[in-house]
Amino acid sequence: MVSSLTLTRAGAFFLAAFSLALGSTASRAETTKPADPKPVKEEGGRYYDVDGAPTYNIKPDGQVDWLTYSGYRRYHAECHVCHGPDGMGSTYAPALADSLKTMNFDQFSEVVVGGRQNLSNGNDRVMPSFGLNKNVMCYLDDIYVYLRARSNDALGRVRPAKRDEKSKEIADAEKACLGE
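Positions within a chain are numbered from 1, following the residues in the order the chain's sequence is written. In keeping with the predicted nature of the model, local features appear solely for residues at pLDDT of at least 70, side-chain atom pairs appear and are counted solely at 80 or more, and the whole-chain, interface and lining totals rest on all residues. The basis for every side-chain value is the complete set of non-hydrogen atoms in the structure, without hydrogens or water.

### A short note on the nonpolar core
Right, on to step 1. What we call a nonpolar core is a set of buried Ala, Val, Leu, Ile, Met, Phe, Trp, Tyr and Cys residues that are connected through their side-chain atoms within 4.5 Å. Three labels apply to residues, based on accessible area from a 1.4 Å probe with only protein chains included: buried if under 20% of the type maximum, exposed if over 50%, partly exposed otherwise in between. Core analysis: the biggest nonpolar cluster contains 28 residues, and Tyr 75, Leu 100, Phe 108, Val 112, Ile 143, Tyr 146 and Leu 147 have the highest contact counts within it.
Right, on to step 2. Secondary structure follows DSSP: runs of H or I at least 4 residues long count as helices, runs of E at least 2 residues long count as strands, and numbering of each begins at the N terminus. Among the secondary structure elements, those contributing two or more residues to this core are helix H2 (66-78), helix H5 (105-114), helix H6 (134-137) and helix H7 (140-151).
Right, on to step 3. Sequence-distant contacts of Leu 100, defined by excluding residues within four places in its chain, comprise Pro 34, Phe 108, Tyr 144, Leu 147, Arg 148 and Ser 151. Contacts were defined at the residue level, with two residues in contact if any of their heavy atoms lie within 4.5 Å.

### With respect to the packing of aromatic side chains
One pair of aromatic rings is described through two measures. These are the centre distance and the angle between the planes.
Right, on to step 1. A pair of aromatic rings is counted whenever rings of Phe, Tyr or Trp (Trp by its six-membered ring) have centres within 6.5 Å, and the orientation is called stacked for planes under 30 degrees apart, edge-to-face for over 60 and tilted otherwise. Overall, the coordinates contain five aromatic pairs when judged by the stated rule.
Right, on to step 2. With 5.0 Å between their ring centres and 70 degrees between their planes, Phe 105 and Tyr 144 make a pair best called edge-to-face. Note that Phe 105 is positioned in helix H5 and Tyr 144 in helix H7, a separation of 39 residues in sequence.
Right, on to step 3. Here Phe 105 falls in the buried class, since its relative accessible area comes to 17%.
Right, on to step 4. Judged by its relative accessible area of 1%, Tyr 144 falls in the buried class.
Right, on to step 5. A network of ring pairs unites the aromatic residues Tyr 72, Tyr 75 and Tyr 146 as a single cluster.
Right, on to step 6. Either the NZ atom of lysine or the CZ atom of arginine qualifies as a charge over a ring when it sits within 6 Å of the ring centre and within 35 degrees of the ring normal. Sitting above the plane of the Tyr 139 ring, Arg 74 keeps its charged end 3.6 Å from the centroid.

### As for the packing of H2 against H7
Helix-helix packing: each pair is described by the crossing angle between the helix axes and the interaxial distance.
Right, on to step 1. Under this scheme, a helix contributes an axis fitted over its contacting stretch, all axes are lines through C-alpha atoms, and angles between N-to-C directions fall in the 0 to 180 degree range. Viewed as axis vectors pointing N to C, H2 and H7 meet at an angle of 100 degrees, and their least axial separation amounts to 7 Å. Accordingly, the angle class assigned to the pair H2 and H7 is roughly perpendicular. Every residue of H7 that contacts H2 at Leu 67, Thr 68, Ser 70, Gly 71, Tyr 72, Arg 74, Tyr 75 and His 76 is listed here: Asp 141, Asp 142, Ile 143, Val 145, Tyr 146, Leu 147 and Ala 149.
Right, on to step 2. Tallied by class, the residues present in the contact of H2 with H7 amount to eight nonpolar, four polar and three charged. An angle counts as roughly parallel when it lies under 35 degrees, as roughly antiparallel when it exceeds 145, as roughly perpendicular when it falls between 65 and 115, and as oblique in every other case. Residue polarity follows a fixed list, in which Ala, Val, Leu, Ile, Met, Phe, Trp, Tyr, Cys and Pro are nonpolar, Asp, Glu, Lys and Arg are charged, and the others, Gly among them, are polar.

Spatial relationships are all this shows, so hold off on functional conclusions.
Take a look at the structure:
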């Protein structure tokens, strides 16, 4: 059975490959602030806000949902080298914990998939495309959810101590995305 998430990820890989082949990124995502991060829907261990964007679910005792925990791990495996620990930025790249205060999921995805160039006043910044990197694309929602929790001060600068278990739906989608 192929889930809609698997098809979405496959579409993201196709879009990334197509964009890279053309030498440009897809049209710019609509510029809107992210919705309230409060989860209004849960499907197979994934939480969504009122706009349908992935979001975190942190219980009063500090236990995080699986995607927030996985996002912490994936961010620190792939992104922190440039963007600093815990999304706090560096001299090399901006603080994503700040960027996600005004960047919605579509905008975030577009930048990660297609890359970005900010060339101005001798302060050139270039983020490469990660659209063909399965270690990023298969966990794009996870990374976004983690950074969203950081940007809303819902999660501190530490590895989450308690987490939900990975659901079967999340495990199946991961295997499908990775081609296992």
